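What follows is each chain in one-letter form.
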Amino acid sequence: MSIDSARMSTEATKRTMDSYLEALLSGGDFAQHLSDDVRWITMESGDQIVGREAVRDFIGSMHTTLFDAHPEVRKLVIGEGVVAGEFDFVGTNTGEFEGVAATGQQLRVPYVVFYDVAEEFITELRAYLPAKKIMAVFRAP
């Protein structure tokens, strides 16, 4: 099945995204809204993570392990099977990364994610985020 044939209506896309964001922001099971073979792509580096559990673990580690953080939604644009989201990543560095101890640094970093949605699941997340800026808190005094 092509992605176009699996596209959802704008209303169905909005329902899926609303449910995903509600779960993500409340600490709930946001992974239930990801397809089995969901793909996360960090556009800055080209790094990819594939699979529901792997993507869930990556997002979870950013929000609860490396940082005590959450996204703040600035804007969402929702169409048939696609969502563009503008967010701020807001939190405090609370976890060790690659042998570097947590700094306790606070951060607020803007980023954008494009989501593909098909058959009521998010199938791909393309994140335009300044990963180097986020990870710079590990070098902070």
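Residues numbered from 1 in each chain as written. Predicted model: local features only at pLDDT ≥ 70, side-chain atom pairs only at ≥ 80, totals over all residues. Heavy atoms only, no water.

**Notes on the nonpolar core**
Note the following rule: In this description, a nonpolar core means a group of buried Ala, Val, Leu, Ile, Met, Phe, Trp, Tyr and Cys residues linked to one another through side-chain atoms lying within 4.5 Å. Type-normalised accessible area, obtained with a 1.4 Å probe on protein chains alone, sets the label of each residue: buried when under 20%, exposed when over 50%, and partly exposed for intermediate values. Strands are runs of DSSP state E lasting at least two residues, helices are runs of H or I lasting at least four, and both sets are numbered from the N terminus onward. Contact between two residues is taken to exist if any of their heavy atoms lie within 4.5 Å; hydrogens are not considered.
In this structure, Tyr20, Phe67, Tyr115, Leu125 and Ile134 are the most contacted members of the largest nonpolar core, which totals 35 residues. At the level of elements, helix H2 (10-26), strand E1 (34-42), helix H3 (52-65), strand E3 (67-79), strand E4 (82-93), strand E5 (106-118), strand E6 (121-128) and helix H4 (131-135) are the ones that each hand at least two residues to this core. In this structure, Ile134 is in contact with Met62, Phe67, Phe89, Leu107, Val109 and Leu129, ignoring residues within four places of it in sequence.

**Quick word on the side chain of Arg126**
Quick reminder of the rule: Residues adjacent in sequence count toward polar contacts only when both atoms are side-chain atoms; beyond that, a polar contact is any pair of N or O atoms within 3.5 Å, and within protein one must be able to donate a hydrogen and the other to accept it.
For Arg126, the position within the fold is in strand E6. With a relative accessible area of 18%, Arg126 lands in the buried category. Reaching out from Arg126, the side chain makes a polar contact with the side chain of Asp116 at a distance of 3.0 Å. Not counting residues within four places of it along the chain, the set of residues in contact with Arg126 comprises Ile41, Met43, Val112, Val113, Phe114 and Asp116.

**Observations regarding a nonpolar patch on the surface**
The condition that has to hold: Only residues above 30% relative accessible area that lack a salt bridge enter a patch, with like-charged residues linked at up to 9 Å and the nonpolar side chains Val, Leu, Ile, Met, Phe, Trp and Tyr linked at up to 5 Å. Throughout, the Shrake-Rupley method with a 1.4 Å probe supplies accessible areas, and for residues the shown protein chains are the sole cover considered. Take a side-chain nitrogen of Lys or Arg and a carboxyl oxygen of Asp or Glu: if they are within 4 Å of each other, that pair is a salt bridge.
A surface patch of nonpolar side chains, about 250 Å² in accessible area, is lined by Met43, Phe114 and Tyr128. Note that Met43 resides in the loop between E1 and strand E2 (48-50). Looking at Met43, the relative accessible area reads 32%, which means it is partly exposed.

**Here we look at the packing of aromatic side chains**
Worth spelling out the cut-off: Here a pair means two rings of Phe, Tyr or Trp (six-membered ring of Trp) with centres within 6.5 Å. Their orientation is stacked below 30 degrees between planes, edge-to-face above 60, and tilted elsewhere.
Under the criterion given, the structure shown has six aromatic pairs. A ring pair is formed by Phe67 and Phe89, whose centres lie 5.5 Å apart and whose planes are at 90 degrees; its orientation type is edge-to-face. Pair noted here: Phe67 is in strand E3 and Phe89 is in strand E4, with a separation of 22 residues, a long-range link. Considered together, Phe67 and Phe89 belong to a single accessibility category, that of buried residues. Taken together, the ring pairs in this structure connect Tyr20, Phe30 and Tyr115 into an aromatic cluster.

Read these as layout, nothing more, since geometry by itself doesn't imply function.
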